[in-house]
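Close look at the chain arrangement
The lines below spell out each chain.
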Amino acid sequence: RKVGSWKHMARRLPAGKRAEGRGARPAPTPRRLPPPAGLTEDEDVRAMLRGSRLRKIRSRTWQKERLYRLQEDGLSVWFQRRIPRAPSQHIFFVQHIEAVREGHQSEGLRRFGGAFPPARCLTIAFRGRRKNLDLAAATAEEAQRWVRGLAKLRARLDAMSQRDAHTWIHAYLHRADSDQDSKMSFKEIKSLLRMVNVDMNDMYAYRLFKECDHSNNERLEGAEIEEFLRRLLKRPELEEIFHRYSGEDRVLSAPELLEFLEDQGEDGATLAHAQQLIHTYELNETAKQHELMTLDGFMMYLLSPEGAALDPAHTSVFQDMDQPLSHYFISSSHNTYLTDSQIGGPSSTEAYVRAFAQGCRCVELDCWEGPGGEPIIYHGHTLTSKILFRDVVQAVHDHAFTLSPYPVILSLENHCGLEQQAVMARHLRTILGDTLVTQALDAQNPEELPSPEQLKGRVLVKGKKLPAARSEDGRILSDQEEEEEEEEEEPEATEQRRRAKQISPELSALAVYCCATRLRTLRPTPVPPQPCQVSSLNERKAKKLIREAGNSFVRHNARQLTRVYPLGLRMNSANYSPQEMWNSGCQLVALNFQTPGYEMDLNAGRFLVNGQCGYILKPACLRQPDTTFDPECPGPPRTTLTIQVLTAQQLPKLNTEKPNSIVDPLVRVEIHGVPADCARKETNYVLNNGFNPRWGQTLQFQLRAPELVLVRFVVEDYDTTSPNDFVGQFTLPLNSLKQGYRHIHLLSKDGASLSPATLFVHIRIQRF
């Protein structure tokens with residue numbers, strides 16, 4: 001029961017607390033806005049706010065000193081450019097940073113940073129295709145300030161989530177305050193609204209402006225600005241849900257919150273859990289002491305990871321990791337060394353570092369004869385640049401296990417002669433040391449595949465094994481992929497291929513659990529294939545097998561690993577949809593990680609769960625040796641998914657340089673699964689409102705194989721005359737989707753957070 005009268009209790013609170021209890025927040029000092037509270041207390045961040053002259057290093061000759069300064073919002077860094085560009089070209093955002101590395105920990109600094117001691121150097125690596133920022137500071141202490149400061153800012157951003165929508169919108173106030181007098185005219189307020197992606201009707205905007213202009217001087221300042229923002233950030237749909245459960249006194253008791261949790265479908269919801277949520281998310285200390293939750297606390301809960309669509313229990317490793325490798329989907333990269341297209345793009349060890357940072361566990365190394373007896377890696381017979389094999393192996397040693405402890409597979413495409421193959425084997429052994437698997441873990445069953453748990457922290461080599469199965473004319477086939485075996489080649493390439501047909505004993509010895517073998521038939525043979533044999537198929541051949549041999553291919557993949565890779569015709573490094581391959585149990589579905597698009601969104605969604613460790617346990621129907629599952633004939637519908645798209649919040653502007661550019665958002669929900677389940681449905685578009693659009697539309701889907709389904713939420717900017725523009729998306733497995741009222745935290749094209757952009761939906765899953 002609620003203790004006493006909330007209104008009576010509120011009267012006893014100090015003024016600031018009373019405001020907080022009513023759903024308001026204490027007004028921070030208006031702009032000229034100081035940095036958000038807490039930032040200025042940190043010495044490292046204070047130094048970043050003052051700015052530093054850091055030397056940007058791009059080559060041996062291009063090493064320029066530039067001023068870098070943290071912006072007052074604590075969310076972005078401004079930097080100097082020799083030639084002034086548009087304002088958005090002079091900043092980078094903290095949320096787009098993937099990693100900050102100390103010392104000579106990038107390809108650029110290893111090659112060009114020799115003149116600067118490692119203690120003075122740092123690398124800022126970004127998500128997506130943006131190049132690394134290699135920097136050298138004047139002193140080691142200054143470099144450390146930036147390393148520590150960026151780490152704190154990134155941690156603050158993760159913790160902040162939506163808690164500080166005010167912080168986000170305050171970042172725009174300074175820009176909108178054109179005369180910098182800390183007061184906002186109606187014209188400046190209109191400018192602010194356009195910046196935050198809302199084209200509010202002039203009459204409504206002015207009415208709201210006047211309601212907050214208590215001084216009646218056509219200017220908002222201090223608490224008036226705060227009141228305007230508070231009204232702007234109002235969430236009527238959340239208030240309605242809150243009042244439905246809280247009753248007349250407008251606060252939730254623990255039993256009332258428990259009722260909400262039970263209606264949400266929260267597993268094992270208890271009174272103790274409701275009390276714990278109040279203590280975690282309630283902002284008002286007096287309410288918290290009486291185990292009551294105000295509207296503000298309720299909003300904080302629904303905007304937290306616990307209120308998100310993704311099940312928080314699935315964000316750490318929760319699956320059985322003790323089954324054979326063939327029972328898992330394994331995050332896999334194709335042409336890992338490329339940072340762009342496969343015709344003329346640069347090759348880089350950084351591409352491997354980025355792939356590992358995205359949870360990749362199987363990387364590809366295209367190995368060719370190099371000068372001075374050193375093998376090189378590049379896309380053969382093209383203009384892509386070349387990198388040393390040993391440098392890639394060093395990158396594997398340094399970065400393979402920073403995100404995930406589970407095994408890494410090096411998929412070798414070997415074009416080298418015997419001598420340089422022996423050099424490759426030597427580099428693998430000396431650089432990787434004990435992490436390299438050189439013999440079977442279980443001498444009694446050397447052919448049986450071990451589990452990811454047994455192989456923690458280990459590196460496997462996928463390559464050809466001697467004595468090899470011989471082709472019909474008696475040649476020893478190399479581990480080159482079948483696509484290449486069918487292509488017409490120049491005489492020089494034919495000679496290189498002839499040398500590569502021979503497999504050196506040193507390299508052969510390293511193929512222990514991933515022995516490259518050509519898949520010739522799915523029919524039963526007198527001697528069954530060994531589990532340690534791995535086949536590589538291009539996407540066309542894999543689709544043909546799925547179509548013609550459905551269940552046989554699924555059974556094959558229950559026992560053995562299959563790697564699928566894009567057709568060589570995809571010159572721009574485009575991808576294929578991985579879902580079709582997963583439907584048949586293919587484990588190593590290799591994609592071009594450097595190419596953003598819905599295919600990589602699906603890959604990120606598939607491997608989003610289980611601690612993002614790069615291994616996902618396949619559904620039981622894809623693991624059983626005698627399974628009858630066929631993705632082309634999955635049976636009748638077993639699940640109904642109903643999604644009510646309610647609202648969105650603070651969608652990003654697509655064209656930041658055009659003040660009058662406002663999005664017309666629509667939401668599309670896509671189902672990716674077996675062919676019979678694949679579907680897409682969308683809402684109407686909302687005209688000129690990216691700030692708080694409302695839909696209230698229901699989309700429903702019938703699912704036959706729900707255990708394979710990925711759900712992709714996409715927001716687009718509607719256009720009548722051209723294709724819609726992408727705004728943001730989020731993809732996750734159906735089995736990790738929580739029911740009830742949920743926020744979906746949107747991601748950009750390259751997977752970066754678009755915080756505070758969210759969708760608010762209601763989800764219902766009925767299984768029958």
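Residues numbered from 1 in each chain as written. Predicted model: local features only at pLDDT ≥ 70, side-chain atom pairs only at ≥ 80, totals over all residues. Heavy atoms only, no water.

1. Brief notes about the environment of Glu 707
Our working rule: Helix and strand definitions here come from DSSP, where helices need a minimum of 4 consecutive H or I residues and strands a minimum of 2 consecutive E residues; each element is numbered from the N-terminal end. Relative accessible area decides the class of each residue, using a 1.4 Å probe on protein chains only: under 20% of the type maximum gives buried, over 50% gives exposed, and in between gives partly exposed. A contact between two residues is defined here by any heavy atoms of the two lying within 4.5 Å.
As for its placement among the helices and strands, Glu 707 is situated in the loop between β25 (694-703) and β26 (710-717). Among the residues examined, Glu 707 registers a relative accessible area of 24% and is labelled partly exposed. Considering only alpha carbons, one finds Glu 707 and Gly 673, 34 residues apart in sequence, at a separation of 8.7 Å. Excluding its chain neighbours within four sequence positions, the residues that come into contact with Glu 707 are Pro 619, Cys 621, Arg 638 and Asn 735.

2. Remarks on the side chain of Ser 504
Mapped onto the fold, Ser 504 is located in the loop between α19 (491-500) and α20 (505-508). Non-local contacts of Ser 504, meaning those with residues more than four positions away in its chain, are made with Leu 418, Gln 421, Ala 422 and Leu 466.

3. Digging into the environment of Ile 765
Residue placement: Ile 765 occurs in strand β29 (residues 753-767). Among the residues examined, Ile 765 registers a relative accessible area of 9% and is labelled buried. Separated by 123 residues in sequence, Ile 765 and Thr 642 place their C-alpha atoms 6.4 Å apart. Once you skip the residues sitting within four places of it in the chain, Ile 765 turns out to touch Thr 639, Thr 640, Leu 641, Leu 734, Leu 737 and Gln 739.

4. Side note on the sheet that holds strand β2 (residues 63-70)
Where we set the bar: Whether two strands pair comes down to DSSP finding at least two bridges between them. Axis definition: a line fitted to C-alpha atoms, limited for helices to the stretch in contact. Angles are taken between N-to-C directions and run from 0 to 180 degrees.
The 7 strands lie next to each other as β4-β3-β2-β1-β7-β6-β5, forming an open sheet whose pairing is antiparallel. Looking at strand neighbours, the two that pair on one side only are β4 (91-93) and β5 (97-102), the edges of this open sheet. Put simply, the sheet's adjacent strands are angled 30 degrees from each other on average, direction ignored. Here β5 runs beside strand β6 (residues 121-126); their pairing, made up of 5 bridges, is antiparallel. If you follow Glu 102 over to β6, its bridge partner there is Leu 122.

5. Some details on the nonpolar core
Under the convention used in this document: For the purposes of this section, nonpolar cores are sets of buried Ala, Val, Leu, Ile, Met, Phe, Trp, Tyr and Cys residues that join through side-chain atoms within 4.5 Å.
Core analysis: the biggest nonpolar cluster contains 90 residues, and Leu 365, Leu 410, Leu 428, Leu 641, Val 711, Leu 737 and Leu 759 have the highest contact counts within it. Per-element accounting of this core gives the leading share, 6 residues, to β29. Residues within four places of Leu 428 in sequence aside, it is in contact with Phe 389, Val 393, Leu 410, Gly 433, Leu 436, Val 461, Leu 507 and Leu 510. Judged by nonpolar contacts, the second largest core, of 25 residues, contains Leu 261, Met 293, Met 299 and Phe 760.

6. Describing the packing of helix α16 (residues 389-399) against helix α17 (residues 418-432)
As a reminder, the rule being used: Note on angle classes: values under 35 degrees are labelled roughly parallel, values over 145 roughly antiparallel, values of 65 to 115 roughly perpendicular, and the remainder oblique. Take the far helix as your reference; a near helix turned counterclockwise from it by less than a right angle gives a left-handed crossing, and one turned clockwise gives a right-handed crossing. In the scheme used here, Gly and all other residues not listed as nonpolar or charged are polar, with Ala, Val, Leu, Ile, Met, Phe, Trp, Tyr, Cys and Pro taken as nonpolar and Asp, Glu, Lys and Arg as charged.
It is the contact of α16 with α17, at a shortest axis distance of 10 Å, that shows an interaxial angle of 30 degrees. The pairing of α16 with α17 is recorded here as roughly parallel in orientation. Two packed elements cross with a definite hand, and for α16 against α17 that hand is right-handed. Here Phe 389, Arg 390, Val 393, Gln 394, Val 396 and His 397 of α16 lie close against α17, whose contacting residues are Met 424, His 427, Leu 428, Ile 431 and Leu 432. Looking at side-chain class alone, the contact of α16 with α17 contains 7 nonpolar, 3 polar and 1 charged residues.

7. Examining a positive patch on the surface
As a reminder, the rule being used: Exposure above 30% relative accessible area and the absence of a salt bridge qualify a residue for a patch, where like charges join within 9 Å and nonpolar side chains (Val, Leu, Ile, Met, Phe, Trp, Tyr) within 5 Å. Note on areas: Shrake-Rupley with a 1.4 Å probe; residue coverage comes only from the protein chains shown. Salt bridges are counted wherever a side-chain nitrogen of Lys or Arg sits within 4 Å of a carboxyl oxygen of Asp or Glu. Charge assignment in this entry is limited to Lys and Arg as positive and Asp and Glu as negative, and neither His nor the chain termini are counted. The atom standing in for a charge is NZ when the residue is Lys, CZ when it is Arg, CG when it is Asp and CD when it is Glu.
Side chains of Arg 58, Lys 64, Arg 82 and Lys 131 sit close together on the surface and give a patch of like positive charge. According to the relative accessible area criterion, Arg 82 is exposed, its value standing at 65%.

8. Structural notes on the environment of Pro 505
If you trace the backbone, Pro 505 turns up in helix α20. Look at Pro 505 and you get exposed, because its relative accessible area is 56%. Taking the C-alpha atoms as reference, Pro 505 lies 7.0 Å from Leu 466; in sequence the two are 39 residues apart.

9. Thoughts on the packing of helix α15 (residues 349-357) against α16
Packing of α15 against α16 brings their axes to within 9 Å, and their N-to-C directions diverge by 25 degrees. Considered as vectors, α15 and α16 are oriented roughly parallel to each other. Relative to α16, α15 is oriented so that their crossing is right-handed. Taking contact as the criterion, the partners of Thr 349, Tyr 352, Val 353 and Phe 356 in α15 are, on α16, Asp 391, Val 392, Ala 395, Val 396 and His 399. Of the residues contributing to the contact of α15 with α16, the split by class is 6 nonpolar, 2 polar and 1 charged.

10. Some details on the side chain of Ser 326
By the element assignment, Ser 326 lies in the loop between α14 (295-303) and β10 (328-330). Ser 326 sits in the buried class, given a relative accessible area of 2%. Beyond its immediate sequence surroundings of up to four residues, Ser 326 is in contact with Leu 449, Asn 557, Ala 558, Arg 559, Gln 560, Leu 561, Gln 587 and Lys 618.

11. Topic: the pattern of salt bridges
Tallying each qualifying case throughout the model produces 32 salt bridges. Between Glu 141 and Arg 145 there is a salt bridge, with the nearest N and O atoms lying 3.8 Å from each other. Placement of the pair is Glu 141 and Arg 145 together in helix α5 (residues 140-160), with a separation of 4 residues, close to one helical turn. Bridged by salt links that share partners, the residues Asp 42, Glu 43, Asp 44, Glu 141, Arg 145, Arg 148 and Lys 152 form one connected network.

12. Brief notes about the packing of aromatic side chains
Short version of the rule: Pairing of aromatic rings covers Phe, Tyr and the six-membered ring of Trp, with a centre-to-centre limit of 6.5 Å; geometry is then stacked below 30 degrees between planes, edge-to-face above 60, and tilted otherwise. Charges are assigned to positions over rings by a cutoff of 6 Å between ring centre and Lys NZ or Arg CZ, combined with an angular limit of 35 degrees from the ring normal.
In total, this model carries 17 aromatic pairs according to the counting rule given. Note on Phe 92 and Phe 126: the rings are 5.3 Å apart at their centroids and 70 degrees apart in plane angle, and the pair reads as edge-to-face. A residue pair is termed long-range when its members are at least 10 positions apart, and Phe 92 in strand β4 and Phe 126 in strand β6 qualify at 34 residues. As far as burial versus exposure is concerned, Phe 92 and Phe 126 are alike and both buried. Here Phe 186 and Phe 209 contribute two aromatic rings whose centre-to-centre distance is 5.5 Å and whose plane-to-plane angle is 70 degrees, an arrangement assigned as edge-to-face. Of this pair, Phe 186 sits in helix α7 (residues 186-195) while Phe 209 sits in helix α8 (residues 202-212), placing them 23 residues apart in sequence. What makes Phe 209 buried here is its relative accessible area of 0%. One aromatic cluster in this structure is built from Tyr 68, Phe 79, Phe 92 and Phe 126. The residue whose ring lies beneath Arg 58 is Trp 62, and the NZ or CZ to ring-centre distance is 4.3 Å.

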